[in-house]
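Commentary on secondary and tertiary structure
Okay, here's what each chain looks like letter by letter:
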Amino acid sequence: MDTARSMHIGEVAARTELSLRSLRHWEEVGLLHPSGRTDGGFRLYTEEDVDKILVIRRMKPLGFSIEEMKAVMTDIEVLRDPGTGPDARREAGARLEAVRDDAVGRRERLVRQLGMADEFIDLLGRETP
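An account of the accompanying structure is given in this report. Within every chain, residues take consecutive numbers counted from 1 along the sequence as written. With pLDDT at 70 or above as the cut-off, local features in this predicted model cover only qualifying residues; side-chain atom pairs require 80 or more to be listed or tallied, and sums for whole chains, interfaces and linings still use all residues. Side-chain metrics rest on all non-hydrogen atoms present in the structure, leaving aside hydrogens and water.

Before going further, it helps to spend a moment on the packing of aromatic side chains. Side-chain rings of Phe, Tyr and Trp (the six-membered ring for Trp) are treated as a pair once their centres are within 6.5 Å; stacked means planes under 30 degrees apart, edge-to-face means over 60, and tilted covers the remaining angles. Taken as a whole, this structure holds zero aromatic pairs when the rule is applied. Above the plane of the ring of Phe 64 lies Arg 106, whose end atom (NZ or CZ) is 3.9 Å from the centre. In our convention, an over-ring charge means Lys NZ or Arg CZ found within 6 Å of a ring centre and within 35 degrees of that ring's normal.

Right, here's the structure in full:
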């Protein structure tokens with residue numbers, strides 16, 4: 001790994017607006033793996049790692065489980081690997097399409113919840129002097 005183009009965990013946390021604790025937790029549960037480590041054992045991340053982190057971060061508010069996120073990340077890696085055969089590519093694509101459909105439904109529920117929250121805030125605004 002080219003350490004001149006790598007980032008330590010603090011920079012990655014700042015860039016992704018995540019806590020160090022979240023990044024470490026995701027590594028502990030096998031969701032994320034830094035691309036390398038320094039001689040002193042500090043995690044090193046690449047731009048590709050940051051891209052993966054941002055995918056995970058975008059799934060989190062939709063309520064996907066760690067296992068679901070792992071599966072999505074695996075399927076994305078399968079599709080990005082030029083050596084992936086057509087059958088594996090088709091299967092991974094089909095799974096990601098199903099996750100996309102699920103994400104659309106989850107987003108629609110969040111939009112409805114936000115609408116209700118806005119109505120509640122407006123109601124309270126009318127009730128208070």
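For this analysis, a salt bridge means a side-chain nitrogen from Lys or Arg found within 4 Å of a carboxyl oxygen belonging to Asp or Glu. Applying the stated criterion across every chain yields a total of 11 salt bridges. For Lys 70, the salt bridge goes to Glu 67, with nearest N and O atoms at 3.4 Å. Here the residue Lys 70 and the residue Glu 67 both occupy positions in helix α4 (residues 66–80), the gap between them amounting to three residues, near one helical turn. Relative accessible area decides the class of each residue, using a 1.4 Å probe on protein chains only: under 20% of the type maximum gives buried, over 50% gives exposed, and in between gives partly exposed. Judged by relative accessible area, Lys 70 falls into the partly exposed class, the value being 24%. You can call Glu 67 exposed: its relative accessible area is 54%. In the salt-bridge network here, residues are joined through shared partners; they are Glu 27, Arg 37 and Arg 43. In this description a helix means any DSSP run of H or I spanning at least four residues, a strand means any run of E spanning at least two, and both kinds are numbered starting from the N terminus.

Before going further, it helps to examine the environment of Ile 66. Here Ile 66 shows up in helix α4. Put simply, Ile 66 and Ala 117 are 51 residues apart on the chain and 27 Å apart in space, counted from C-alpha to C-alpha. Contact definition: two residues touch when any of their heavy atoms are within 4.5 Å. Discounting residues that sit within four places of it in the chain, Ile 66 has contacts with Val 29 and Leu 31.

Here we come to the environment of Pro 61. Of note, Pro 61 is situated in the loop between α3 (47–59) and α4. Note on Pro 61: relative accessible area 56%, which makes it exposed. Separated by 56 residues in the primary sequence, Pro 61 and Arg 5 have C-alpha atoms spaced 30 Å apart.

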